[in-house]
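Coordinate analysis (summary)
These are the residues of each chain, in order.
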Number of protein chains: 2
Amino acid sequence: MAAGLPGVRLGLSTVRWLQSQSSSHLAVIAGGFPVMPGIISGLASRKQIRLIHVAGDRSDPAHGTVQRLPFATISQQDLEFFKQLLPGRTITDPDLLESCNTDWIKSVKGSSEVLLRPQSTQEVSQILRYCNERRLAVNPQGGNTGLVGGSVPVFDEIILSTALMNRVLSFDHVSGILTCQAGCVLENLSNYLEERGFIMPLDLGSKGSCHIGGNVATNAGGLRLLRYGSLRNTVLGLEAVLADGKVLNCLVALRKDNTGYDLKQLFIGSEGTLGVITAISILCPHKPNAVNVAFLGCSSFQQLLETFQCCRGMLGEILSAFEFLDASSMKLLEKYLKLVNPITESPFYIVIETAGSNAAHDEEKLHSFLETAMSSSLVTDGTVATEESKIKALWAMRERIPEALRHDGYNYKYDISLPVEKIYQLVTDMREHLGDRAKNVIGYGHIGDGNVHLNVTSPTKDPALLAAIEPFVYEWTARFRGSISAEHGLGLKKKNYIHFSKPPEAVAIMGNIKSMLDPRGILNPYKTLPDCLR
Amino acid sequence: MAAGLPGVRLGLSTVRWLQSQSSSHLAVIAGGFPVMPGIISGLASRKQIRLIHVAGDRSDPAHGTVQRLPFATISQQDLEFFKQLLPGRTITDPDLLESCNTDWIKSVKGSSEVLLRPQSTQEVSQILRYCNERRLAVNPQGGNTGLVGGSVPVFDEIILSTALMNRVLSFDHVSGILTCQAGCVLENLSNYLEERGFIMPLDLGSKGSCHIGGNVATNAGGLRLLRYGSLRNTVLGLEAVLADGKVLNCLVALRKDNTGYDLKQLFIGSEGTLGVITAISILCPHKPNAVNVAFLGCSSFQQLLETFQCCRGMLGEILSAFEFLDASSMKLLEKYLKLVNPITESPFYIVIETAGSNAAHDEEKLHSFLETAMSSSLVTDGTVATEESKIKALWAMRERIPEALRHDGYNYKYDISLPVEKIYQLVTDMREHLGDRAKNVIGYGHIGDGNVHLNVTSPTKDPALLAAIEPFVYEWTARFRGSISAEHGLGLKKKNYIHFSKPPEAVAIMGNIKSMLDPRGILNPYKTLPDCLR
């Protein structure tokens, strides 16, 4: 480390973590010995769960700190290497670095002082080979739209952005297989495909910013999963650069390939901790000829569930989304975004989308479903849109909730998978549990996937409130064998809660896979895997 | 090893391999140095591909032999242990062992002298813990319907059958999630679900025998993949016993779970080499209200492809299968099974299935598609079935081809994935390449998935014919970046050809994963991974 290098500070040892964490590692105290809890199914009672501190944190019992691992710090010589490799694309300007160091919900902030913007797989390979030799930690970054602190540095990790790797490599209009670099923005890919009569198999609220590489690295779910399945099915091939710079080229464009273990699955959902995804191939469905959206009101969650059952039976293969929001979500949309509730006030609202090949058939199915739902009083009120602007307006009622939430104060966000009949009980129980301590407790999400987004707001960051939410929310989820992260991943914020959803044997294997593929641990350190594995 | 133990022979050192292999390991000779070929994309010409022998085989240049690895042989004491653990379910009767030692196409045969039939995960765990300590090799076996020699022992591996692990553990009619033991027969699960208004997301010709655990272990594709996606999407949870007996319980019943690396994907398609799958949970679609099957004739493969494009556009979301067979396949059906071609003779035949929620809508879509296809001369003749018996009769034209093939003599079977427009060119080129040397060269398969089943028959086993087929077929496939095993897996027969579809970096990682999860190599040895990794 050269003395006096502008913008590069030394000796960083704790992270400025905007959302303090009440705990970092969880263990079950059984018979006086701490044991990892696994899926908790074997516990006699939740009261057996107690929190302890992370091993590496024992010397510093304060919450909200993480110890920097002994990576090298960037030197003048390192910077010279990068500048030569990526002329004009090695960024050290603190103003430019500010946004890459902070996540979009402004809950975590790193202190990286170098941002690298490679354009090719070869450049990514050269960067990683160098960093691995020097033991410089690297934070791969796509559109930086993650919600669990996975996409920004924790300390001074070098930020490796895929933003300039944004080329479509090929599109086969017979098979519908798109091959592209990792930094393509999801919405750009959607537009590219729609011009050719196809669509992307996933759609997210953050589509205007998120990169497809980041989507794959986090196994993003989103609004179309109900219809087109997860990325584990639609991603057909993948190219990744490993920690030592080796390029793993599994970028096939085939629907089926059973030649050995499916390594690409390791990288899907690994949040940049096993390799940097540089390109993907993905199976894209035909653009539907007809799309309809219905916005409905229900007087209870039970009626909402019955509506879902009825809807699946009657809309069958044309159902492409079944989303919900509660009355509290609607109030935030009205208050902060001035959106107008298109139907009469209800405890629950549903957004149903159909997508099909024959407009007349789809309309007939939808109307027949709506007639049944209204006449049997499953649904209290509703409106249907077929033209694009009205469809967008109805979708906004679901897609803009995170934006409304940000206006309501500090957000504690949870992304929980549960058996579908349980998902709203979590919101109700949390509301009761927190009482006046929370400003708002709201629930919305993907009924079709059994996935609720539980959000708790408060005027400002509130450690006491957080302590009331966690581990309550995780224990509740584990009790019903749910997942503490349905689609957001673990990142920095949730990694130490992995034991609520995965047994210790699984976590141990994950640690071994990490050691195997990234023995020096340079790739997105402090993320995904719990501290106890270090 | 106790002397005189009935039915247990010692010193097995070569396998009786009914289908001799012309080569075991492939390398590209480039500049005089052997280099693994990877995806071959960088090759100047196919002529650079040359065959060399497996490292471990150099001392024995004869084709068709595999060296037994230094596992322990089963002793009287071992047998006592198993008999105590599995009373009445530890089988040593040679007559009973015969069928478990031979694959169903009678192409490979092992010499195992013990068959274990556990009923529970706990029993599987105890068996594996014991075998791992003793270093006894184990061959996990489901319905033994595999086509690549993956499901039978190569030498004296202990056969661990899942046949008695055949209980449905739970079914949730709201979510459609089925949880069951690995030994459930696919057809039994289908019947169980159909009574409850659901179907399995996969369907195979071998459904009457194959086990769901084997389906998952081989990542089986089948007839519904086009519509419901692969098992990587529909298998939601999985329980596996590792080589050392540890139980890895990832048996969640959730549509979404992003908590760490998705370990279940490692076991899907790993052919029993990483663990024994003991239970799975799987997402099952609603049973469609209406099913139609059309059987059509096309005068060229180009017209068949155009019919596919037209069909996808017009049938859209109700299309559930698009399969094809060639005229040579039809001749075998007529000759050996006395099936009657329901339409006029054509060079190509298509089986189209629709499955939807509204019979009237589906019929309208299908008729409108057929009108277009007939009037534009894409299709020369056709028939449609809506009632179950006629549907079955039409499906038989596609499903019974493997049976007809067996009557035609010895079968050389290839299961190739390619860009869809190339798949029949492989059949034509192979026919031309082999000339009179083959009795028949036929092609059929899954157009919708870009997957052709190429079969070459000869009156008897014919090493010279095999030498003409391989590596020609693999080189051809690699040239178009296809997969040498779309859905059958690699097993024993194809493992040494993995390099035609996977780069050396990927194969090396697979080897590391195997070493990590099964350090003593007891699980299904000699399968999936190439000999050069040993």
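The structure presented is a predicted model; accordingly, all values stated were derived computationally and were not measured.

1. Regarding the overall build of chain A
For chain A, the count of helices and strands is 17 helices and 19 strands. Of all 534 residues assigned to chain A, the portion counted as buried reaches 64%. Taking all contacts inside chain A whose residues are at least 6 apart in sequence as the whole, residues at least 24 apart take part in 75%. Surface summary for chain A: the accessible area is close to 18,500 Å², and the carbon and sulfur share equals 51%.

2. Side note on the sheet that holds strand E17 (residues 410–417) of chain A
One key point about sheets: their strands pair by backbone hydrogen bonds, in either a parallel or an antiparallel sense. Residue and element names in this part refer to chain A. Read from one edge to the other, the open sheet built from seven strands follows the order E16-E13-E15-E14-E18-E19-E17, with strand pairing classed as antiparallel. Only two strands of the sheet have a single partner each, and these edge strands are strand E16 (381–385) and E17. Between one strand axis and the next, the sheet turns by 15 degrees as a mean value, whatever way the strands run. As paired elements, strand E14 (residues 319–326) and strand E15 (residues 348–356) share seven bridges and run antiparallel to each other. Residue pairing for E15: Asp 326 is matched across the bridge by Phe 348. Across the sheet, helix H10 (residues 327–337) lies against strand E13 (290–298), E14, E15 and strand E18 (440–446), angled at about 85 degrees from E14, the strand it touches most.

3. A word on the side chain of Thr477(A)
Residue and element names in this part refer to chain A. Following the sequence through the fold, Thr 477 ends up in helix H16 (residues 472–479). On the accessibility criterion, Thr 477 (0% relative accessible area) is buried. With residues near it in sequence (within four places) discarded, Thr 477 still touches Ile 416, Ser 417, Leu 418, Leu 426, Gly 482, Ser 483 and Ile 484.

4. Section: the nonpolar core
Counting residues in hydrophobic clusters, the biggest one holds 196 residues, and the most contacted among them are Ile212(A) and Ile212(B). Among all residues touching Ile212(A), those that are not within four sequence positions of it are Cys180(A), Gln181(A), Ala182(A), Cys184(A), Leu186(A), Leu189(A), Met200(A), Leu202(A), Ile280(A) and Ile282(A).

5. Remarks on the interface of chain A and chain B
The interface of chain A with chain B comprises 91 residues on the first partner and 91 residues on the second. Buried area between chain A and chain B, both sides added, is near 6,900 Å², and the carbon and sulfur share of it is 57%. Among the residues of chain A in contact with chain B, Lys256(A), Asn258(A) and Tyr261(A) are the three that bury the most area, contributing 15% of the side total. If you look at where chain A meets chain B, you find eight salt bridges. Here Lys256(A) makes a salt bridge to Asp449(B), at a shortest N to O gap of 3.3 Å. Linking chain A to chain B there are 42 residue pairs in polar contact (both at pLDDT 80 or more). Listed by contribution, the elements that provide at least two residues to the side of chain A that touches chain B are helix H6 (225–228), helix H7 (231–234), strand E11 (247–250), helix H8 (264–267), helix H9 (301–315), helix H11 (359–375) and helix H17 (504–517) of chain A.

6. Things to note about helix H14 (residues 423–434) of chain A
All names here are of chain A. Taking 1.5 Å of rise per residue, twelve residues should cover 16 Å, and H14 covers 17 Å from first to last C-alpha, within 8% of that figure. Listed in full, the buried residues belonging to H14 are Ile 423, Tyr 424, Leu 426, Val 427, Met 430 and Leu 434. For H14, the arc enclosing every buried residue in end-on projection is 150 degrees, short of the 170-degree limit, so these residues lie on one face. Looking at the residues trailing H14, positive phi occurs at Gly 435, about 55 degrees.

7. Describing the packing of H14(A) against H16(A)
Residue and element names in this part refer to chain A. Interaxial distance between H14 and H16 falls to 11 Å at its minimum, and their mutual angle equals 145 degrees. With respect to the hand of their crossing, H14 and H16 are arranged in right-handed fashion. Seen from H14, the contacting residues are Gln 425, Leu 426, Asp 429, Met 430 and His 433; seen from H16, they are Phe 472, Val 473, Trp 476 and Thr 477. Taken together, the residues that form the contact of H14 with H16 break down as five nonpolar, three polar and one charged.

8. Description of the pattern of salt bridges
Counted by the stated rule, this structure contains 42 salt bridges over all chains. The salt bridge partner of Glu399(A) is Lys207(A), with a shortest N-O separation of 3.3 Å. In this pair, Glu399(A) sits in helix H12 (residues 388–399) while Lys207(A) sits in the loop between helix H4 (186–194) and helix H5 (212–217), placing the two residues 192 residues apart along the sequence. Assessed through its relative accessible area of 25%, Glu399(A) is described here as partly exposed. Among the ionic pairs, Glu403(B) bridges to Arg400(B), the shortest N-O distance being 3.0 Å. Overall, Glu403(B) belongs to the partly exposed group, its relative accessible area being 34%.

9. What to know about the relation of the copies chain A and chain B
Mapping chain A onto chain B calls for a rotation angle of 180 degrees and an axial translation of 0.0 Å; the resulting RMSD is 0.0 Å. Both copies are brought into coincidence by an operation consistent with a two-fold rotation axis. Residues of chain A ranked by C-alpha distance from the rotation axis are headed by Asn233(A), positioned 2.6 Å from it. With an isologous cut-off of 70% or more, the 100% of interface residues of chain A that recur at the interface of chain B puts this contact in the isologous class.

10. Remarks on the side chain of His361(A)
Inspection of the secondary structure assignment puts His361(A) in helix H11. Not counting the four nearest positions on each side in its chain, His361(A) is found in contact with His361(B), Glu364(B) and Lys365(B).

11. Side note on the pairing of strand E17 (residues 410–417) of chain B
All names here are of chain B. Burial analysis of E17 places eight of its eight residues in the buried class, the great majority of the element. The side-chain alternation of E17 yields two buried faces, one formed by Tyr 410, Tyr 412, Tyr 414 and Ile 416 and the other by Asn 411, Lys 413, Asp 415 and Ser 417. Of the pairings in the sheet, the one linking E17 to strand E19 (residues 451–458) comprises eight bridges and is antiparallel in character. Across the sheet, residue Ser 417 finds its bridge partner in E19, namely Asn 451.

12. So, the confidence of the model for chain A
Residues and elements named next belong to chain A. Residues at a pLDDT of 70 or more form 88% of chain A, whose mean pLDDT is 89. Confidence over residues 1–63 falls short of pLDDT 50; this stretch has 145 contacts with residues more than four positions distant or in other chains. As scored by the predictor, the complex reaches a pTM of 0.89 and an ipTM of 0.88.

13. Some thoughts on unusual backbone geometry
Residues and elements named next belong to chain A. For the peptide bond that leads from Glu 470 to Pro 471, omega is 5 degrees, which places it in the cis range. Phi angles above zero are rare outside glycine, and Tyr 526 is one such case at about 75 degrees. Secondary-structure assignment places Tyr 526 in the segment after H17.

14. Looking at the sheet that holds strand E4 (residues 90–91) of chain A
Residues and elements named next belong to chain A. What the four strands build is an open sheet, ordered E4-E5-E7-E6; its pairing is mixed. Strands at the two margins of the open sheet, each flanked by one partner only, are E4 and strand E6 (138–141). Here two bridges tie strand E5 (residues 115–116) to strand E7 (residues 158–161), and the two strands are oriented parallel to one another. Following the sheet pairing, Leu 116 is matched in E7 by Leu 160. Strands E4, E5, E6 and E7 of the sheet are contacted by helix H2 (residues 94–101), whose axis makes an angle of about 80 degrees with E7. Seen against the sheet, helix H3 (residues 121–134) touches E5, E6 and E7 and runs at an angle of roughly 165 degrees to E7.

15. As for the UniProt feature "domain: FAD-binding PCMH-type" (unreviewed entry) in chain A
Sites flagged by UniProt as "domain: FAD-binding PCMH-type" (unreviewed entry) map to residues 108–287 of chain A. Annotated as 23% helix and 22% strand, the span residues 108–287 of chain A places its first and last C-alpha atoms 38 Å apart.

16. Describing the packing of aromatic side chains
Following the criterion strictly, the structure yields 38 aromatic pairs over all chains and no others. Measuring from ring centre to ring centre gives 5.5 Å for Phe301(B) and Tyr424(B), while their planes differ by 25 degrees; the resulting arrangement is stacked. Of the two residues, Phe301(B) sits in helix H9 (residues 301–315) while Tyr424(B) sits in helix H14 (residues 423–434), which places them 123 residues apart along the sequence. In this structure Phe301(B) comes out as buried when scored by relative accessible area, which is 11%. Through a chain of ring-to-ring contacts, three or more aromatic side chains come together here, namely Phe301(A), Phe324(A), Phe348(A) and Tyr424(A). Here Arg196(A) stacks its cationic end above the ring of Tyr192(A), 3.7 Å away from the centre of that ring.

17. Quick look at H2(A)
Residues and elements named next belong to chain A. Listing the buried residues of H2 in full gives Leu 97, Cys 100 and Asn 101. The buried residues of H2 all sit within an arc of 95 degrees when viewed along its axis, so they share a single face. Within H2, the exposed residues directed more than 90 degrees away from the buried face are Asp 95 and Ser 99. For H2, the N-terminal capping position is held by Asp 93, with its side-chain oxygen 2.8 Å away from the main-chain nitrogen of Asp 95.

What counts as what
- All residue numbers refer to positions counted from 1 along the written sequence of the respective chain.
- All chains are assigned letters beginning at A, and all ligands numbers beginning at 1, according to the order in which they are written.
- Selection of residues for local features in this predicted model requires a pLDDT of at least 70, selection of side-chain atom pairs for listing and counting requires 80 or more, and totals for whole chains, interfaces and linings are taken over all residues.
- Side-chain metrics in this entry use all non-hydrogen atoms of the structure; hydrogen atoms and water are not considered.
- To qualify as a helix, a DSSP run of H or I must reach at least 4 residues; to qualify as a strand, a run of E must reach at least 2; elements of each kind are numbered from the N terminus.
- Per-residue accessibility, obtained with a 1.4 Å probe over protein chains only, is compared with the maximum for each type, and a residue is labelled buried under 20%, exposed over 50%, and partly exposed between these values.
- Contacts between residues were defined by any pair of non-hydrogen atoms, one from each residue, lying within 4.5 Å.
- Using the Shrake-Rupley algorithm and a 1.4 Å probe, accessible areas are obtained, with residue cover drawn only from the displayed protein chains.
- The rule for pairing is simple: two strands pair if DSSP sees at least two bridges between them.
- Simply put, an axis is a line fit to the C-alpha atoms, just over the touching stretch for a helix, and the angle between two N-to-C directions goes from 0 to 180 degrees.
- Side-chain atoms within 4.5 Å are what join buried Ala, Val, Leu, Ile, Met, Phe, Trp, Tyr and Cys residues into a set we call a nonpolar core.
- Here's the idea: put two parts together, see how much 1.4 Å probe accessible area each one loses, and the total over both is what we call buried area.
- Salt bridges are defined by distance alone: a side-chain nitrogen of Lys or Arg within 4 Å of a carboxyl oxygen of Asp or Glu.
- What qualifies as a polar contact is a pair of N or O atoms within 3.5 Å, subject to a donor-acceptor requirement within protein and to the restriction that residues adjacent in sequence count only when both atoms come from side chains.
- Here a helix's expected span is defined as the number of its residues, less one, multiplied by 1.5 Å.
- It is the directions from the helix axis to the C-beta atoms whose arc is reported.
- The crossing is said to be left-handed when, going from far helix to near helix, the turn is anticlockwise and less than a right angle, and right-handed when the turn is clockwise.
- Put simply, Ala, Val, Leu, Ile, Met, Phe, Trp, Tyr, Cys and Pro go in the nonpolar bin, Asp, Glu, Lys and Arg in the charged bin, and everything else, Gly too, in the polar bin.
- Superposing copies: least-squares fit, C-alpha atoms only, residues required to have pLDDT of at least 70 in both.
- Confidence of the predictor at the level of single residues is captured by pLDDT, which takes values from 0 to 100.
- UniProt positions are given in the numbering used here, feature names are shortened, and annotations may be inferred rather than shown by experiment.
- Any two rings among Phe, Tyr and Trp, with Trp reduced to its six-membered ring, count as a pair given centres within 6.5 Å; such a pair is stacked if its planes are under 30 degrees apart, edge-to-face if over 60, and tilted if neither.
- A ring has a charge above it when a Lys NZ or an Arg CZ is no more than 6 Å from the ring centre and no more than 35 degrees off the ring normal.

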